[in-house]
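Inside the fold
Listed here are the chains, written in short residue letters.
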Amino acid sequence: MQPEPVTVIAQPASDFKRSATRQASRVSRMIAGIALALALLMWCFIAWSVWSENETALLNGRIQAYNLTAAFANELSLRFDAVDARFRAIAAIARAVPPSPQDTERLAREIPAVVDAGTGVRIVGPDGRLLFSTRKPDKGPADYSAQPQFIEHRSDAAAGLLLDAPAPAASAADFRVAVSKRLETADGGFAGEVVLLLPAESLIRLNREIDIGYRGAVVIAGLDGIVRAGYDRDHPDGSAGIGIDLRGAPYPDSLGPGSVAYYVRIARFDGIERMVGIRRLARYPANVLVALDLNDVLGPVRAHLWFVGMVGLGATVLIGALSLLLVREVWRRTRREIELSFDRDRLALAQAQIEGDRARLAETNRELMASKDSADAANRAKSQFLAHMSHELRTPLHAIIGFSELIKDQAPSGPGSPPIAGYARDIWTSGRHLLELINSILDISKIESGTASLAETVFSVEDLARASLISVRSQAGARGIAIDVKLPDGRPKVWADRTRLQQVLINLLSNAVKFTPDNGRIVLAVRKHESGELELSVTDSGIGMTEADIEVALVPFGQVDNSLSRSFEGTGLGLPLALRLTELHGGRLELKSSKGQGTVATVTLPAERTR
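Residue positions are given per chain, counting from 1 as you read along its sequence in written order. In keeping with the predicted nature of the model, local features appear solely for residues at pLDDT of at least 70, side-chain atom pairs appear and are counted solely at 80 or more, and the whole-chain, interface and lining totals rest on all residues. Values shown for side chains rest on all heavy atoms present in the structure; no hydrogens or waters enter the calculation.

1. Examining helix α4 (residues 294–341)
The end-to-end C-alpha distance of α4 is 67 Å, a good match for the 70 Å that 48 residues give at a rise of 1.5 Å each. Along α4, the sharpest change in direction is near 45° and occurs at Pro 300. To qualify as a helix, a DSSP run of H or I must reach at least 4 residues; to qualify as a strand, a run of E must reach at least 2; elements of each kind are numbered from the N terminus. A helix is expected to span 1.5 Å for every residue after the first. Each residue is assigned a bend, namely the angle between axes fitted to the seven residues that terminate at it and the seven residues that start at it.

2. Comments concerning unusual backbone geometry
With the exception of glycine, most residues fall at negative phi, and the peptide bonds are largely trans. Between Lys 136 and the following residue, Pro 137, the backbone shows a cis peptide bond with an omega angle of -5°. Within the secondary structure, Pro 137 is located in the loop between β2 (130–133) and α3 (148–155). Across the junction of Ala 249 and Pro 250, the peptide omega takes the value 5°, indicating a cis bond. With respect to the helices and strands, Pro 250 occurs in the loop between β7 (227–232) and β8 (260–266).

3. As for the pattern of salt bridges
Salt bridge, as used here, is a side-chain nitrogen of Lys or Arg placed within 4 Å of a carboxyl oxygen of Asp or Glu. Applying the stated criterion to the full structure yields 27 salt bridges. Between Arg 228 and Asp 224 there is a salt bridge, with the nearest N and O atoms lying 2.8 Å from each other. When accessible area is computed with a 1.4 Å probe and restricted to protein chains, residues below 20% of their type maximum are described as buried, those above 50% as exposed, and intermediate ones as partly exposed. Residue Arg 228 is classed as buried on the basis of its relative accessible area, which comes to 4%. Residue class for Asp 224 comes out partly exposed when judged on its relative accessible area of 28%. Its salt-bridge partner being Glu 462, residue Arg 491 comes within 2.6 Å of it at the nearest N-O pair.

4. Observations regarding a nonpolar patch on the surface
Here a patch means residues that are over 30% exposed by relative accessible area and free of salt bridges, tied together within 9 Å if like-charged and within 5 Å if nonpolar (Val, Leu, Ile, Met, Phe, Trp, Tyr). To be clear on the numbers: accessible area is Shrake-Rupley with a 1.4 Å probe, and residue cover counts the displayed protein chains and nothing else. Taken together, the side chains of Trp 43, Trp 306, Met 310, Leu 313 and Val 317 make up a nonpolar region of the molecular surface, amounting to roughly 580 Å² of accessible area. With four residues, the single largest contributor to the nonpolar patch is α4. Within the fold, Leu 313 resides in helix α4.

5. Things to note about the environment of Leu 579
Relative to the elements of secondary structure, Leu 579 occurs in helix α11 (residues 574–584). Along the backbone, Leu 579 and Val 603 are 24 residues apart, and their C-alpha atoms lie at a distance of 8.7 Å.

6. Here we look at the packing of aromatic side chains
Note on aromatic pairs: the rings of Phe, Tyr and Trp (six-membered ring only in Trp) are paired at centre separations within 6.5 Å, and the planes decide the class, stacked below 30 degrees, edge-to-face beyond 60, tilted for the rest. Counted under the stated rule, the structure contains four aromatic pairs. Between Phe 80 and Tyr 284, the aromatic rings sit 5.4 Å apart at their centres with planes inclined by 65°, giving edge-to-face as the arrangement. Of this pair, Phe 80 sits in helix α1 (residues 13–93) while Tyr 284 sits in the loop between β9 (273–280) and β10 (286–293), placing them 204 residues apart in sequence. Of the two residues, Phe 80 and Tyr 284, neither departs from the other in class, the shared state being buried.

7. Observations regarding empty space enclosed by the protein
One simple way to see leftover space: roll a probe sized like a water molecule over the atoms. Buriedness of a pocket was judged along seven lines, with at least five required to meet protein on both sides within 12 Å; pockets are open sets of points on a 1 Å grid over the protein atoms alone, cavities are sets where a 1.4 Å probe fits but cannot get out, and lining residues have an atom within 4 Å of a point. Grid points are joined across faces, edges and corners, and a volume is the space filled by probe spheres set on the points. Taken as a whole, this structure holds four cavities of 30 Å³ or more when the rule is applied. Within this model, the largest cavity holds a volume of roughly 200 Å³. Lining the largest cavity are 17 residues, with Leu 246, Ala 267, Phe 269, Val 276 and Ala 291 sitting closest to its centre. Looking at the lining of the largest cavity, the elements with two or more residues in it are β6 (217–222), β8, β9 and β10. Looking at the lining of the largest cavity, the element that brings in the most residues is β8, giving three residues. Residues were grouped as follows: Ala, Val, Leu, Ile, Met, Phe, Trp, Tyr, Cys and Pro as nonpolar; Asp, Glu, Lys and Arg as charged; and all remaining residues, including Gly, as polar. Of the residues in the lining of the largest cavity, the class split is 13 nonpolar, one polar and three charged.

8. Some thoughts on the nonpolar core
Among the nonpolar cores identified, the biggest contains 48 residues, and Phe 80 and Val 179 are the most heavily contacted of them. Mapped by element, the contributors of at least two residues to this core are α1, β1 (120–124), β4 (176–184), β5 (190–199), β6, β7, β10 and α4. Per element, the largest residue contribution to this core is twelve residues, and it comes from α1. Not counting the four nearest positions on each side in its chain, Val 179 is found in contact with Phe 80, Val 83, Phe 87, Leu 161, Leu 162, Leu 163, Val 194, Val 195, Leu 196 and Leu 198. In these notes, a set of buried Ala, Val, Leu, Ile, Met, Phe, Trp, Tyr and Cys residues joined through side-chain atoms within 4.5 Å is what counts as a nonpolar core. Two residues qualify as a contact provided that any one of their heavy atoms is within 4.5 Å of a heavy atom in the partner residue.

Structure (structure tokens):
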């Protein structure tokens, strides 16, 4: 909003100056207030929007954590059900405790038959001494009497299955999760405990099928908050974070069976901030934690926050700049009015001049808009004309080429015969050249107008390379130019338009032959990168180009002025057409050249097109 100029008629200059200054001050304060209000409203809206998105993302993360903990808890419960069945089978086998030498032999023979391969079994007597073990040698403790799980089994007949505290392992491959259960005599007395040493990777397998993110983790912890097993991308065997104490805020002090809780925390074993969902098993004393990388949960929100923040900052700067300009304009006009109050005649003259300038500017703007519209219309007319005339010319050209080929093949060519065959050959050659030129113009017009399409199939790159050489081999052989082909192992395939891609290679090979001196060398190489991108390169030993020449060569009808280019006719459409066809496939064409040292033309196709 711009204030109306202050105009005072028949008023002394001093009084007019005071009133104009007061008016400018009021308008300036009003502009500043409006700008501040707009900025505050905008930032309040941005803050509310970001907070809303953040809360939605956290809610979605909690839902995902809820579902994942339910899946992993169900899998772990089923595994513990199977383990409990193994305990009952072992208790039935271990009838005599302590075992006699004959019982030890029987236990060593019968117990491995009821447990999974890789699972170790220990039998501990009522005094806490290790009586039997399937692990030879067993590096575990010989006395369990002071361990919390043993004490709980001895004092509580209903303790059930317990997760023993983790012990240091000799190696990650030797790591086992210890699960124990009470042994009872026939009259229900305490007879010791059975300890199963389970491979950690056998407890949870869903983590290999469910994507929990690049830095997500699944943790099994006891009710004491000590990690028994941890699974992430780098530790699929469950050895991540073993023995770490998770207790302390915000880790929940207690959870009822089947209860779920959520919190955000920086992990103590790798320092990554994660959203954690924790679920206690309904029937067993264990907690399952699913830790999702907070960057995965809030990544889109944070990216949007940066975007919205930059937009808000830009809008704030724009509002401030516009306000400053408006205030500056107010004071400029006020000073101008004060100055003009001393000379009303000059005011009329200046106003007339301003009106004239405005009229000229408007006229200039109209002329510029008309010129732009004319240029756009001319460009569209050019593309339509090229496409229309290309179609109109191709039909008679096919007839000319066909009849001239028929004449040159059937006309007499012996001694004394009229030179009809030679004329027909010239007509056929010129017609083919003109047809190629028209096809190139039509292809470029289609690509520029956005109507070009690809007929994509899967085909061998080796077949494509060898088929492309057929079009230039005779021309290269006539000049003694050697063409080498380097292909990768494995016969890679590509998903593309074979005709279009072959046209790209033929254009590059034709250019290489054209600008390579006699007895030169050309190399056609195919290479597949580790990233999956496919690279097709044509290297020649020709005259080369400068950077300025390369820019000219990539423009339609561009001609690089040199002696070799004048030896062969060219339209200047080969490289531009190859560039546009490559970009149509989502790839890129790069030219590297040095004057007198040859040229390397490289076509790189994206990884999604390789097979």
